[in-house]
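# Examining the three-dimensional arrangement
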Amino acid sequence: MNEQLTPSDIRTMARKAADYITFNCDEISEGFEITHKGYTVFVNYTARLCNDELAEFAEVPAVWDQSCREYPEIAEALQLMLN
């Protein structure tokens, strides 16, 4: 059974996702997963050139635990933190 996530845990998940984008995506759109304390976060990262400026956006469509229960409220919080 997973432990309850704290606000600090959610910030850690956002930081892990942001670090992955910074160090791995190289302005190339891709989807990826990160894990933290038994929770899995799926992130769709999109990078587009708009009017000669790079537009970046991270969508967090799902967060789930080891029992496959989804947590849309955590996904929404992470999406807000990443954009």
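Residues numbered from 1 in each chain as written. Predicted model: local features only at pLDDT ≥ 70, side-chain atom pairs only at ≥ 80, totals over all residues. Heavy atoms only, no water.

This paragraph deals with the nonpolar core. Of all hydrophobic cores here, the largest spans 22 residues; its most connected members are Met-13, Phe-32, Val-41, Val-60, Val-63 and Leu-78. Counting residues per element, the ones that place at least two in this core are α1 (7-25), β1 (30-36), β2 (39-50), β3 (53-65) and α2 (72-82). Per-element tally for this core: the top contributor is α1, with six residues. Beyond its immediate chain neighbours, meaning those up to four positions away, Val-63 contacts Met-13, Tyr-39, Thr-40, Val-41, Arg-69, Glu-70, Tyr-71, Ile-74, Ala-75 and Leu-78. (Core = buried A, V, L, I, M, F, W, Y, C linked by side-chain atoms within 4.5 Å. Buried < 20%, exposed > 50% of the residue type's maximum accessible area, 1.4 Å probe, protein only. Helix = DSSP H or I, 4+ residues; strand = E, 2+ residues; numbered from the N terminus. Contact = heavy atoms within 4.5 Å.)

Attention now moves to the side chain of His-36. Within the fold, His-36 resides in strand β1. Dropping the residues within four chain positions of it, His-36 is found in contact with Leu-5, Asp-9, Thr-12, Met-13 and Lys-16.

If you check α1, its first and last C-alpha atoms are 26 Å apart, about what 19 residues at 1.5 Å a residue would give, namely 27 Å. Those residues of α1 that are buried lie in contact with β1, β2, β3 and α2. Positioned one or two residues after α1, Asp-26 has a phi angle of 45°, which is positive. (Expected span 1.5 Å × (residues − 1).)

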